[in-house]
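The chain contents come next:
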Amino acid sequence: MEPEQKRIEEDLRGIVAGEVLCDDASRALYASDASLFEVRPLAIVRPRSAEDVAATVAWAAGRGIAVHPRGAGSSVCGGALGPGLVIDCSRFMRRILATGDDTIRVQCGVVASQIEQHLGRLGRTFGPDPSNPGVTTIGGMIGRNSSGSRFLRHGAVRDRIVALEAVLADGSIVELGPTAVGPPRSAIGGPGAGIAPLPAAARHEPLAAGVAAIVTAARDTITRFQPAARAAHGGYRLDDVLATATAGSDPFVDLARLCCGAEGTLAIVTEATLRTVPADGAVAVALVLFDSLARAAEAAVRLRPLGPSACDIFDRRHLALARGTKPAFDLLIPPVAEAGLLVEFTSDAPRACNSRLDEAMKMMQQGRHPCLDIRRAEDAVDAAFFWELSRNVVSTLHGVRAMVRPVPFIEDIVVPPAALPDFLGRLQGVLNRRQFTAMLFGHAAHGQLHVRPYADPRAAGERDRLETLAGDVYAEVVAVGGTIGGEQGLGLSRTPFFGRLFPELAAVQAEVKRLFDPAGILNPGRVVAASDPVTSAAPFRPALPAVPAPEAGGPAPADSAPAALPALLPLLVWPGAGLNAELDACNGCAGCRATSAATRMCPRYRHAPAEEASPRAKANLLAAAVAGRLDGSQLSAESLRAIADTCFNCHQCRSGCPAGVDIPALVMELKGANFAANSGPLHTWLLSRVDALSALGGAVRPLANRAIASPQFRWLLEKTVGIARGRKLPEFSGGQFLRWAQRRGITRPSRRSGPRVLYFLDTYARRHDPLLAQAFVSVLERNGIGVFVDPRQVAAGMPLVSEGDLDAARRVARRNMRVLAEAVRLGYRIVSTEPAAVTCITHDYPRLLDDDEAARVAAATCDAATFLWELHREGRLRLDLRPVPTRILYHAPCHARSGGVAVPAEHLLRLIPGVVLSADDHGCSGMAGTFGLSRDHYRASLRVGLDLISAMRGGGIEAGATECSACRIQMEQGTTKPVVHPVKLLAKSYGLLAGPGPRGLDEILTATSGTLTTS
Ligand SMILES: Cc1cc2nc3c(=O)[nH]c(=O)nc-3n(C[C@H](O)[C@H](O)[C@H](O)COP(=O)(O)OP(=O)(O)OC[C@H]3O[C@@H](n4cnc5c(N)ncnc54)[C@H](O)[C@@H]3O)c2cc1C
Ligand code: SF4
Ligand code: SF4
C-alpha cells in the first residue's frame, strides 16, 4: 500500500464505524462500473450509517478530496467512478426502516426488488421499474432519477419522493423535502468552514432560498430549455422545484426532488421516504412485430392515447440477438420481423386490461401499414418471457466475444414521442454518414431511446469517432425538441455534451452546484463539467495487454518467483479469443449482484453482499492483474486470496450471467496464481485432498467410523485437517462397490451392443454410498444399457480445483482423460451420479488440458439424471415403476443447474408413482464441495443453506432428494430425515432395491450398503 493510502486508511478508520479499503485489489474492484470508463479511486469507504457518510464527507471536504457515492455500480455512463473516495452505500445501509399506509422509509443501499417484494406482500408498489431491479439500489435510483418501461404508469423516482435524509458538502446531515422559502438566514458553510453558521438541521434553509433565487432569476432560460417534453431529464430539474401549495401561500422549494437525478453532486442520500401506490391487479401483454422500425415507431405514437402502461420498441438487431440467445425467441420472432413493440396494459380487473389490449391489437392490424404479426401472452409465464426482451437482452450484448460490439456511450436520449418516427430517420442518416451501425431499444411511448453503436472502444482513435457520432446524434435530438441523459443520467459520458448543447441551462445548473457544493467535492464531473482532467475526460478502460498462450498441456512453471506472477497468467487453456476476450466480456452490468430468491445468482454474494464477493469482482481483479495494475506480490497476497475465496466454485454465475462470462474459470486463474506462490495453510491443503482422506478412511473402515463419531477425534480432526467438528460426516464403506462391480463383470468393457455407459465414480458413491452406485448400475442395466466401471479412474479432483492447486488437478485430469478418452472413442457416454464430477470433467478438464480429447470427452459426459431423462424423452426408459409412497423435498444442486438443464432429476422423480414432490427452489445448499466441511466456513455454509435446511425441517416432508452428495450432507445437517439420490428412488420404484415396507421410506433407501435384486 502506498504511503498516501496508508495515511488515509489510518485517518478514516479512526472516524467511521464502517469499512475503509485502501489496498490495490479493492481499488481495482471499484475502478469500473457498467460503463466504458475506468478510474481508480483513492480509497473506498463502506459506511454503516449516515454519521459515517457525514464523517467521510467532512474529512474529504477538509482536504479538498472528491467523494463519489455509489450503489450497485450499474451506471452505464460512469456515474459512480472517480479518483477520490468512493462511498459504497450498498454494503451495510440496506434496511427497510418503516412502512406506512402509503409511504416507505428505506436506507439508500436497499435494492429495488427488495422494496417491491416487501410492498408486494401488502398489495402495494413503489413503481418506477428500471430493467435491473434485482441489482439497482434506491440511492442509485435517486441519484439517477431512474425510470423504466412503465414510465407512463409510474413516472420516475422523483415522482415518488417524499423526503430524503442526506449529507451535504460540509458533512452536515439534513432532512430534505419541501422547504418554505423565507429570507436567507445565512449562507451555508463551505467545505471545512469550521464553525457552522447554522445548526446542522437547518442548513438546508439557505439552500432552498438560494435555489429559489436562482430559479426566479433564470425563469426564462429554464422555460425555454427545460420544457415538459424533455421528460424531466438531463441535469437538475429546475422547472418545477419552486412551487406554491395553494394560491397565495408561501412558495417552497422541494429540495428532495431537486436532489433526485443530481447524480450525487448536490448531496449524498442516506435515507429516503417514498410514496407507494396500490399494485396493479391485472396485466395484459403482447409482442407486436413490424416490417420496419419506422412503422413500429408510428404505431407507438398511435397507441399512446389508449394509455398503455408500457410500450417498448426493439430494432432488427435487438430481435436477432434475442433469437440467438434463446431458442424460444427463435420460435416466437420470425426473421422477417424488422422491429417489435412490447405493449402492456394494466388495470384492476383482467377483463378491463384485456379489452384495452384487444382494442390496441385491432388498431395495429388496421390502417395503411398493419403490423406483421401479434404474439399475445397467454399467461404470466408468457408475459415474463416476453419481458425478457426488455430486461435481459441488452446485457447479453457483451456475450459476443468480439472487439467490435454495441457499446454504451450515446445510449440515453429522450425525444418527444410524436417526433420519434422523424427522429429515427435522422438517426439513421447520422449513422450512415459516420459509418456506424447501431442497436436500438427504447420506451417508445415516452420517447426514451437507448442507442448502442457497434465499436471497439479500446482501439486507437475509436473514442474520437464515438464522440463525433454522439455530437451529431445529439444535435438531431435537440433539433426535434429532445434532450440527453434520460433515465441513465449524464455521467461522465454526456456531461461535456450537455454543456455544449444547452450552455444557458448548464450555466444555471452550475450556479445551483456552486450553491450546494462550492468546493466541488461531491461527485465532480457529473451534470456540471469539472475542471480537473481526470473527471472532465475520464479514460476508457484500456485494452488488456496480449497474454501468451500457455505451454502445450500446461501452465508456465509454478515455481516462478512471486514477483513474476502476472507473467504466469494465463494458467489455463482459453481457446478461441483467449483470456482477454473472456475478461472483456464482463460488461460490469452488476447482474451478478442479484440477491432475490427468484434469481439464483451468486450464493456467496447473497449472504455477504460486499462487492468483492460478487462474480464481477473476480473478473475485475483478474483484469487488473493482467493489465499489470497488481504486481506479483499482490497476486500472492492474503488479501487477494480472501477475495478469491469468496467463490466456492458453485458455477451459478456461469448460467446466470447474461454475457455468459466464465467466472469460475477466472477464479481458477486467480486461485491458481495465488496457490502457485503460496500454497496456504496445511489444513486447507489437506482438505483439498478429501478424496485421498476418504480412501484412507475406507481402508480402516471400522476404526474410521468409530473415530468420526467420537468428539475427541472430531476435535483433533478440526485442528489438523480443518473439518468442522459440528459437521455431520458420512460413514466410510471401503472399496465395496468396486468389488461388487468386479463380481458382476462390469469392470471390463461391456460386450453389450447398443448404448453403453462408462460410470464415472465420484468419491461419495465409491467410498461412502456404494448402494447408490449399485442402484445406478442396476437402473442402467434394467434399461438395456451396457455399463463399464473402469477401475483405473480416480476421483475427478474438484477439491483441488477449488483450492487452486492446478498442478495437482491437472495430474488427476490427465490420468482420468486417458481412461475417458479411450471410452469415448469406443462409443461410451460418460455418466456420473455426482454433478460436481460432471462439472469438473466438462468445464475444468478442457481448461486444464490443452488437449482436443478433453472437448470430446466433455461433450460425451453428463450426469445420471440428465442421461436417464434423455432416455425417457427418446421413449427408451422403462416405466414399469411401482409406487414409492413418500413426500419428498427435491433440491436441484447448483452444479446440475449450471449445466443448463436444471430439472431432469425433478422430472424423473415425477415419473415415480406415489412420490409427492415439493420442488420449490430454496437456493444454494451452501456446501459447495469441501467449503461447508471446513471449520473456517462451517457457519457461513449453514447461513447460506438456512432456507433449504429450514424447508427440510418443515412438516409434511418425509425425506429429501438431491443428486449432489455435498448438498445431501447439508440437508441432513439440521434434521433426522434421510436424503437420497433420485436414482435410488428410481431403483426402489423398479423394485431393484430389496427391502421391507411398501409405505414411506424404509431403511434400504437410507442405507449406504445393502442388498440389491438384479434385473
Ligand atoms: C443492464 C442494465 C439495465 C439498466 N436499465 C435501466 C433502466 O431500465 N432504467 C434506468 O433508469 N436505468 C437503468 N440502468 C442504469 C442504472 O442501473 C440505473 O441508473 C441505476 O438506478 C443505478 O443504480 P446503482 O445502484 O447501480 O447506482 P450507481 O451506478 O452506483 O450510481 C448511479 C448514480 O447515482 C449516484 N448515487 C449512488 N448512490 C447515491 C446516494 N446514496 N446518494 C446520492 N447519489 C447516489 C452515483 O454517484 C451515480 O451518479 C441500467 C443499467 C444496466 C447495467
Ligand atoms: S459477470 Fe456477468 S453479470 Fe456480472 S457484471 Fe460481468 S457481465 Fe454482468
Ligand atoms: S462460482 Fe458460485 S460462488 Fe463463485 S462467483 Fe460464481 S456464483 Fe459466486
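Residues numbered from 1 in each chain as written. Chains lettered and ligands numbered in written order. Predicted model: local features only at pLDDT ≥ 70, side-chain atom pairs only at ≥ 80, totals over all residues. Heavy atoms only, no water.

Trainee: Please clarify how the overall build of the protein chain should be interpreted in this entry.
Mentor: Per the secondary structure count, the protein chain includes 46 helices and 31 strands. Computed over its C-alpha atoms, the radius of gyration of the protein chain comes to 30 Å, within 12% of the 31 Å expected for a compact globule of 1015 residues. Dimensions of the protein chain along its principal axes, counting C-alpha atoms only, are 95 × 70 × 55 Å. Expressed as a percentage of the 1015 residues in the protein chain, the buried residues total 61%. Relative to all contacts within the protein chain whose residues are 6 or more apart in sequence, the contacts with residues 24 or more apart total 75%. When the accessible area of the protein chain is evaluated, it comes to approximately 36,400 Å², of which 54% is carbon and sulfur surface. (Helix = DSSP H or I, 4+ residues; strand = E, 2+ residues; numbered from the N terminus. Rg over C-alpha atoms; globule rule 2.2 N^0.38 Å. Buried < 20%, exposed > 50% of the residue type's maximum accessible area, 1.4 Å probe, protein only. Contact = heavy atoms within 4.5 Å. Areas by Shrake-Rupley, 256 points an atom, 1.4 Å probe, with all protein chains shown as cover.)

Trainee: I would appreciate a short explanation of the pairing of strand β28 (residues 886–890) in the present structure.
Mentor: Remark: a regular strand shows side chains that alternate across the two faces of the sheet. Burial runs high along β28: four of the five residues are buried. Pairing geometry for β28 and strand β29 (residues 915–918), over four bridges, is parallel. Bridged to Arg-887 within β29 is Val-916. Sheet analysis places β28 next to strand β30 (residues 959–961), joined by three bridges and oriented parallel. When the sheet's bridge partners are listed, Tyr-890 is paired in β30 with Ala-961. (Pairing = 2+ DSSP bridges.)

Trainee: Explain the side chain of Asn-705 here, please?
Mentor: Mapped onto the secondary structure, Asn-705 falls in helix α30 (residues 701–708). At 2.7 Å, the side chain of Asn-705 forms a polar contact with the backbone nitrogen of Phe-732. In this view, Asn-705 contacts Glu-731 and Phe-732; residues no more than four positions away in its chain are not counted. (Polar contact = N/O pair within 3.5 Å; in protein donor to acceptor, adjacent residues only side chain to side chain.)

Trainee: What is the right way to look at the site of ligand 1 in this model?
Mentor: Around ligand 1, the structure places 34 residues, and the nearest of them are Pro-69, Gly-71, Ser-74, Thr-137 and Ser-147. At a separation of 2.7 Å, an oxygen atom of ligand 1 approaches a polar backbone atom of Gly-71. Interatomic distance of 2.9 Å between a backbone N/O atom of Ser-75 and an oxygen atom of ligand 1. Contact with the protein chains hides 96% of the accessible area of ligand 1, taken as 960 Å² for the molecule alone. Ranked by the residues each element gives to the shell around ligand 1, the list is headed by helix α5 (residues 138–144), at five residues. Residue composition of the shell around ligand 1, grouped by class: twelve nonpolar, 18 polar and four charged. (Near = heavy atom within 4 Å. Nonpolar A, V, L, I, M, F, W, Y, C, P; charged D, E, K, R; others polar.)

Trainee: What should I look at first to understand the pattern of salt bridges in this one?
Mentor: Pairs can form between side chains of opposite charge once their charged atoms are near each other. For the coordinates displayed, the defined rule picks out 59 salt bridges. Linking Arg-144 and Glu-263 is a salt bridge whose minimum nitrogen-to-oxygen distance equals 3.9 Å. One end of the pair, Arg-144, is in helix α5; the other, Glu-263, is in the loop between α9 (255–259) and β13 (268–275), and 119 residues separate them in sequence. Arg-144 gets classed as buried once you look at its relative accessible area, which sits at 13%. Given the relative accessible area of 7%, Glu-263 is considered buried. Asp-769 is paired through a salt bridge with Arg-968; the nearest N and O atoms lie 3.0 Å apart. Here Arg-968 lies in helix α44 (residues 965–973) and Asp-769 lies in the loop between α33 (763–768) and α34 (770–782), a separation of 199 residues in the sequence. This pair shows no difference in class: Asp-769 is buried, exactly as Arg-968 is. (Salt bridge = Lys/Arg side-chain N within 4 Å of Asp/Glu carboxyl O.)

Trainee: Before we go on, may I ask you to explain the pairing of strand β22 (residues 448–455) in this structure?
Mentor: β22 sits mainly inside the fold: seven of its eight residues count as buried. Pairing geometry for strand β19 (residues 405–406) and β22, over two bridges, is antiparallel. Bridging from a neighbouring strand, Arg-405 pairs with Ala-455 of β22. Of the strand pairs in this sheet, strand β20 (residues 411–414) and β22 are connected by four bridges, and their pairing is antiparallel. Its bridge partner lying in β22, Asp-412 is registered against His-450. Both strand β21 (residues 438–443) and β22 contribute to a ladder of six bridges, which runs antiparallel. Residue pairing for β22: Leu-440 is matched across the bridge by Val-451. Connecting β21 to the antiparallel partner β22 that follows it, the hairpin turn spans four residues, and Gly-447 within it adopts a positive phi of roughly 70 degrees.

Trainee: Help me understand the confidence of the model for the protein chain, please; the structure alone is not making it clear to me.
Mentor: Parts of the model with low pLDDT should not have their predicted coordinates read in detail. In the predicted model, the protein chain carries a mean pLDDT of 88, and the fraction of residues at 70 or more is 91%. Confidence drops under a pLDDT of 50 for residues 552–565, and excluding neighbours within four residues, the segment shows 24 contacts in the predicted structure. Segment residues 996–1000 is flagged for pLDDT under 50; beyond a separation of four residues in sequence, or across chains, it makes eleven contacts in the model. (pLDDT = per-residue confidence, 0-100.)

Trainee: Just to check I follow, could you spell out the site of ligand 3 for this structure?
Mentor: In the vicinity of ligand 3, 13 residues are found, and the nearest of them are Cys-602, Cys-647, Cys-650, His-651 and Cys-653. Elements supplying a minimum of two residues to the shell around ligand 3: α22 (603–607), α26 (652–656) and α27 (663–677). Taken together, the residues of the shell around ligand 3 sort by class into nine nonpolar, three polar and one charged.

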